[in-house]
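Reading the structure
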Amino acid sequence: MPLSSYLANLIIPYNLCMTLVVIGLALGWVRLRKTGVALIGTGLLWALFWSLPATSLWLGGALESRYPHLPPAESPTADAIVVLGGNTANGRANWFLPYDKGTAIVRIDTAAELYRAGRAPKVLLSGGALEGDVSEARGMAHNIRQQGVPESALILENSSRTTYENAALTEDKLKSRGIGKILLVTSALHMPRAMAAFSKQGVEAIAAPTPPQIVAPADGSLALWLPDQRTFDASRSIIKEYAGLFVYWLRGWV
């Protein structure tokens, strides 16, 4: 595995924890015991921190609340709806509950609802091929046609692989068609970075996020201060957004 790919995988709390533990054990082996113990302790605390539902509600909730979700009928109108490819926490309707296909949060569903509510006459689908030859945009187009959005309303952007490219390549598509104001559809967690990237490109965007996912279950079954496996597995999405905002800021992309 290339070093850059390995470093990128450290965004997963388990991977960083194990890396620090292994380095700590190695340092202990060469008699740098205090440093080794400190690294092992840091790795274990990092894993514990991200396994707590309270952490996700605090840090993830801060991102999701930046742009509140509105029912489609209450959303503003625009010249087009722009949908970004991608997924968050496997599309679970609730971050802390098991995946249920029937209630999954899918960005294309939000876009279809906005179109059927008459919020915009065009839908631009943005996303390149992550694997194979079929782009995310083409996959979303197949899905949204099945929900009643006609082919004539669709515009596809098939090349982007990052949020920055989503914004830059979409801006080109919008400009060439004389489209001004857009409704931007992505997950609530991803929306702050997406809005910043589109704003940097000079696109007049109105946030139209999917419903928030990082919400404590209404039945009170969640123990906020006890480690939870689903929370631990999904927490990489929160870390990715904060890391992405920092990297985009460094590069001048937001």
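Preceding this paragraph is the structure being described.
Described below are features of the structure shown in this document. (Residues numbered from 1 in each chain as written. Predicted model: local features only at pLDDT ≥ 70, side-chain atom pairs only at ≥ 80, totals over all residues. Heavy atoms only, no water.)

**Brief notes about the sheet that holds strand β2 (residues 123-126)**
- The strand order across the open sheet built from five strands is β3-β2-β1-β4-β5, with neighbouring strands paired in parallel fashion. Bordering the open sheet on either side are β3 (154-157) and β5 (205-207), each of which pairs with just one other strand. Sheet twist, expressed as the mean angle between neighbouring strand axes with direction ignored, is 25°.
- Where β2 meets β3, four bridges bridge the pair, whose relative direction is parallel. Bridge pairing in β3 links V123 to L154.
- Of the strands in this sheet, β1 (80-84), β2 and β4 (182-185) touch helix α5 (residues 107-116), which is tilted by about 175° from β1.
- In the packing of helix α8 (residues 191-200) onto the sheet, the strands contacted are β1, β4 and β5, and the crossing angle to β4 comes to about 145°. (Pairing = 2+ DSSP bridges. Helix = DSSP H or I, 4+ residues; strand = E, 2+ residues; numbered from the N terminus. Axes fitted to C-alpha atoms, helices over the stretch in contact; angles between N-to-C directions. Contact = heavy atoms within 4.5 Å.)

**Let's talk about a nonpolar patch on the surface**
- Taken together, F246, V247, W249 and L250 make up a surface patch of nonpolar side chains, about 450 Å² in accessible area.
- As for its position among the elements, F246 is in helix α10 (residues 236-251).
- Given a relative accessible area of 49%, F246 falls into the partly exposed group. (Patch = residues over 30% accessible without salt bridge, like charges linked within 9 Å, V, L, I, M, F, W, Y side chains within 5 Å. Areas by Shrake-Rupley, 256 points an atom, 1.4 Å probe, with all protein chains shown as cover. Salt bridge = Lys/Arg side-chain N within 4 Å of Asp/Glu carboxyl O. Buried < 20%, exposed > 50% of the residue type's maximum accessible area, 1.4 Å probe, protein only.)

**Some points on α10**
- Between its terminal C-alpha atoms α10 stretches 22 Å, which fits the 22 Å expected from 16 residues at 1.5 Å a residue.
- S237, I238, I239, E241, G244 and Y248 are the residues of α10 that are buried.
- Downstream of α10 by a residue or two, G252 has a phi angle that is positive, lying close to 75°. (Expected span 1.5 Å × (residues − 1).)

**Considering helix α3 (residues 33-51)**
- Taking 1.5 Å of rise per residue, the 19 residues of α3 would be expected to cover 27 Å, and the 27 Å separating its terminal C-alpha atoms lies within 8% of that figure.
- Within the span of α3, buried status applies to G36, G43, A47, W50 and S51. Here the buried residues of α3 occupy an arc of 120° about the axis, which is enough to place them on one side. Turned more than 90 degrees away from the buried face of α3 sit K34, V37 and L45, all of them exposed.
- In the core, the buried residues of α3 are packed alongside α2 (13-29), α4 (53-64), α9 (229-234) and α10. (Arc of directions from axis to C-beta.)

**Description of the pattern of salt bridges**
- Using the criterion set out here, one finds two salt bridges in the structure.
- Across the pair E151 and R145 runs a salt bridge whose closest N-O atoms are separated by 2.8 Å.
- A salt bridge links E241 to R193; its shortest N-O distance comes to 3.0 Å. In this pair, E241 sits in helix α10 while R193 sits in helix α8, placing the two residues 48 residues apart along the sequence. Of the two residues, E241 and R193, both sit in the buried class.

**Side note on the nonpolar core**
- With 20 residues, the main nonpolar core has I81, V83, V123, L125, I144, V149 and L154 as its most contacted residues.
- Once you skip the residues sitting within four places of it in the chain, L125 turns out to touch V83, I108, A137, M140, A141, I144, L154, I155, L156 and E157.
- Grouped together as the second largest cluster of nonpolar side chains are 18 residues, L174, I182, L184 and F198 included. (Core = buried A, V, L, I, M, F, W, Y, C linked by side-chain atoms within 4.5 Å.)

**Details of the environment of A137**
- Positionally, A137 belongs in helix α6 (residues 136-145).
- Separated by 21 residues in sequence, A137 and N158 place their C-alpha atoms 5.7 Å apart.
- Other than its neighbours up to four places away in sequence, A137 contacts L125, S126, G127, L156, E157 and N158.

**Regarding the pairing of β1**
- Counting buried positions along β1 yields five of five residues, so the element is predominantly enclosed.
- In β1, alternate side chains face the same way, and those of A80, V82 and L84 on one face and I81 and V83 on the other are all buried.
- Relative to β4, β1 is paired through four bridges, and the arrangement is parallel. Bridged to A80 within β4 is I182.
- Relative to β2, β1 runs parallel, the two being bridged by four bridges. For I81, the partnering residue across the bridge sits in β2 and is V123.

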